[in-house]
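Survey of secondary and tertiary structure
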There are 2 protein chains.
Amino acid sequence: MSSQERKKSRVTLLDVARHASVSRATASLVLRKSPLVGSETRARVEQAMRDLGYVYNIGAARLRVERSQIIGAIVPNLTNPFFAELLSGIEEAIGATGKVVILANSGERVERQSMLLQRMREHGVDGVVLCPAAGTEPDLSEQLAAWGMPVVQVLRHISVDMDYVGVDYAGGMRQAVDYLASLGHEKIAFAVHGPFHSAYRERVDGFRDAMLAKAFDPEILIHLPAQLGEIADSTHLLFAKATQPTAVICFNHLVALGLAAGLHDCGLTIGRDLSLIGFDDVADAEAIRPRLTSVSTGPTAIGEMAARLLVERIANPDLPPRRVVNDTTLSVRQSCGRPA
Amino acid sequence: MSSQERKKSRVTLLDVARHASVSRATASLVLRKSPLVGSETRARVEQAMRDLGYVYNIGAARLRVERSQIIGAIVPNLTNPFFAELLSGIEEAIGATGKVVILANSGERVERQSMLLQRMREHGVDGVVLCPAAGTEPDLSEQLAAWGMPVVQVLRHISVDMDYVGVDYAGGMRQAVDYLASLGHEKIAFAVHGPFHSAYRERVDGFRDAMLAKAFDPEILIHLPAQLGEIADSTHLLFAKATQPTAVICFNHLVALGLAAGLHDCGLTIGRDLSLIGFDDVADAEAIRPRLTSVSTGPTAIGEMAARLLVERIANPDLPPRRVVNDTTLSVRQSCGRPA
DNA sequence: CTGAAAGCGCTTACAG
DNA sequence: CTGAAAGCGCTTACAG
């Protein structure tokens, strides 16, 4: 059947109403499960819908109602498994409310992110879950408010005027440092990478605070390449500082993966020659050997929570801004030992 | 500003037209970059749009035009990094055409998949890229055709009546088997897992054919758990058959990860005690040690290609069904040696 | 509980 | 090049 014929043959609510010998208004009420309609009438209308193969046209409804039942999700990097889990939580929770999510990848580029927000606005999304690209200016928040666009920031934040769902990165750093300290480590490095944003800052500050609280040197920061493929080959950077660390905390899952590989390449045994703690604890952390002791941040739950907050925000735009900061948990496995 | 005020204040094309002292039709033409409008008029209209803060309402346009500029993407498992890369290719290519993608996760459940397709239909998607859940009946294709819904199947196929973009799994198996044979292996196992679908069948058949072509025993199939976390602990299954394999081909990236970990746990050295070949070659394959020799399938490129085909299909619904089957490439790294 | 009517914001012939 | 008019498929008061 050609698209021409398809267009012609679309069955509308009016067709359904006629077939069931009711008015269009009544058919509309049945559609939206209003209690105003008698059960016998309702049954007749529902039968008519089936007979005619009626398809609800959300787009048309929305023109009237100003609700698209679409929400947007913008992440900085789709292929990072951490964001994939986040997204899966968002999709799950939004899907459960009958809504649908438009996905976009900002690629950590601010201009692309603006373009995507604009496009989503033209599509009339009811709101967006945004993990802001590094370098996003705080005044994006004002623009979004001027648009009347409900937004929840996730994992990274640029403004206190918008809802935020994130992680207690400082608490996670404390867990990692305290655990290593309990094993006798004092020279602990923090291996970071990637662009600068709030979560980066909070991890670094959290690391320093936790180290200072123990009266350890808080400045053993190692900067690694952003690309996973290049991290392993940069492992020597761990030992390029004046102080030789006996333990390393990893900025995230990618750093942990890369360093685990790189240490293997150097002939060093993790947990014996050097202790390693991961951060984020993505599902495939289970498959690294030795099993990686790691600070879990629960990306799926974060995504679900962000979606839930967005739905509330849409329903009630005048709520004051909220902050939900999840605790981390330390999963002790096998990658840490006493200092060599 | 309350949502009430927002609704009131929406500026429409008619407002723009008045502000620029032209008719609504002219403003519409400017919007869609028609050459019918003089450049001076165009400039005036564009200025009016800026002055008033006009936002194009795609939803309203679509009611007239029967094109939503939305396409759907349904994958069976969002958190599998293989599908994340696929999705990233789809999003990239669709985004480049100015369209937007609605994402959904079938969780490998056929009823959920039906529900998602129905929901997408109600949202008026112009078409969908579908990686069918295991167990999808071939007659889904007829239903979709009756709906007039353009679809391209990706990675897995259920019907020859719909476009398909996939991988030459049989060719990939041949590359793996031939390479192992060249090293002297004859007892080669194929470690599989997960639900049954076309890609599963093609891999298994491809393995058997490749083994038979070498006159090797084609029946060393090892069935592993679906969950990554359980694979490592099932590594002993590799040695539970009458014939002890000297090399193992992995069904996919998850199996490779799991077995690499499990072999480590058994104290076996990959490449010396047992050779291992991965399949799919997702980005973080780089971080496994020893570096994994792997058959690459290029999920991002597959996603881009599928998106491109869908766009063509939407533009030209009467095209005959097409099949695009990408070649694999063998990336030789360090996980294979001569038989012990 | 039901019907008739207006309107959401756009596009598309049709005249000029 | 421009204007007036109809219509896409729905929802929502407003009367009955």
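Structure shown above.
What this report covers is the structure whose coordinates are included nearby. As the structure is a prediction and not an experimental result, all values here were calculated from the model.

So, on to the overall build of chain A. Counting its regular elements, chain A contains 13 helices and twelve strands. Taken over the C-alpha trace, chain A has a radius of gyration of 26 Å; the compact-globule value for 340 residues is 20 Å, which it surpasses by more than 25%. Counting every position in chain A, which comprises 340 residues, the buried fraction comes to 56%. Expressed as a percentage of contacts within chain A between residues at least 6 apart in sequence, the contacts between residues at least 24 apart total 68%. Carbon and sulfur atoms make up 51% of the accessible area of chain A, which totals about 14,000 Å². One finds the centroid of the 36 positive side-chain charges in chain A at a distance of 8 Å from the centroid of its 38 negative side-chain charges.

Around DNA strand D lies a shell of 28 residues, among which Leu13, Ser28, Tyr54 and Arg64 of chain A together with Ser23 of chain B are the nearest. Of all DNA strand D atoms lying within 4 Å of any protein atom, the proportion belonging to sugar or phosphate reaches 68%. Contact distances for DNA strand D include 3.4 Å between a phosphate oxygen and a backbone N or O atom of asparagine 57 of chain A. Take serine 23 of chain B: an N or O atom from its main chain is 2.3 Å from a phosphate oxygen of DNA strand D.

Moving on, we come to the protein's contact with DNA strand C. What surrounds DNA strand C is a group of 28 residues, the closest being Ser23 of chain A together with Leu13, Ser28, Tyr54 and Arg64 of chain B. In DNA strand C, the atoms that sit within 4 Å of the protein are 67% sugar and phosphate, with bases accounting for the remainder. At 3.3 Å from a base nitrogen of DNA strand C is found a side-chain nitrogen or oxygen belonging to arginine 24 of chain B. Residue arginine 64 of chain B places a side-chain N or O atom 2.3 Å away from a base oxygen belonging to DNA strand C. When residues of the surface near DNA strand C are traced back to their parent elements, those giving at least two are α3 (24-31) and α5 (58-65) of chain A together with α3 (24-31) and α5 (58-65) of chain B. Considering each element in turn, the surface near DNA strand C owes the most residues, five residues, to α5 of chain B. For the surface near DNA strand C, the residue count by class is 15 nonpolar, seven polar and six charged.

This part is about the relation of the copies chain A and chain B. Screw-axis analysis of chain A against chain B gives a translation of 0.0 Å along the axis, an RMSD of 0.0 Å, and a rotation angle of 180 degrees. On the angle and the small slide along the axis, the relation comes out as a two-fold axis. Scanning chain A for the C-alpha nearest the rotation axis identifies isoleucine 102 of chain A, at a separation of 2.2 Å. Interface overlap between copies is the fraction of interface residues in one copy that are interface residues in the other; for chain A against chain B it reaches 100%, indicating a shared surface.

Residues and elements named next belong to chain A. Burial in helix α8 (residues 140-147) covers these residues: Leu140, Ser141, Leu144 and Trp147. Looking straight down α8, one finds its buried side chains confined to an arc of 120 degrees; they lie on one side. The outward face of α8, more than 90 degrees from its buried face, is lined by the exposed residues Glu142, Ala145 and Ala146. Just beyond α8, the residue with positive phi is glycine 148, at close to 75 degrees.

Counting across every chain of the model gives zero disulfides over all chains. Free of any disulfide, cysteine 266 of chain A has its nearest neighbouring cysteine sulfur in cysteine 250 of chain A, separated by 14 Å. For cysteine 266 of chain A, a relative accessible area of 43% gives the class partly exposed. Cysteine cysteine 336 of chain B shares no disulfide, and the gap to the nearest cysteine sulfur, in cysteine 250 of chain B, comes to 9.5 Å. Of the residues examined, cysteine 336 of chain B reaches a relative accessible area of 13% and is grouped as buried.

Thresholds applied
Residues numbered from 1 in each chain as written. Chains lettered and ligands numbered in written order. Predicted model: local features only at pLDDT ≥ 70, side-chain atom pairs only at ≥ 80, totals over all residues. Heavy atoms only, no water. Helix = DSSP H or I, 4+ residues; strand = E, 2+ residues; numbered from the N terminus. Rg over C-alpha atoms; globule rule 2.2 N^0.38 Å. Buried < 20%, exposed > 50% of the residue type's maximum accessible area, 1.4 Å probe, protein only. Contact = heavy atoms within 4.5 Å. Areas by Shrake-Rupley, 256 points an atom, 1.4 Å probe, with all protein chains shown as cover. Lys, Arg positive; Asp, Glu negative; His and termini not counted. Charge placed at Lys NZ, Arg CZ, Asp CG, Glu CD. Near = heavy atom within 4 Å. Polar contact = N/O pair within 3.5 Å; in protein donor to acceptor, adjacent residues only side chain to side chain. Nonpolar A, V, L, I, M, F, W, Y, C, P; charged D, E, K, R; others polar. Least-squares fit on C-alpha atoms with pLDDT ≥ 70 in both. Arc of directions from axis to C-beta. Disulfide = S-S within 2.5 Å.

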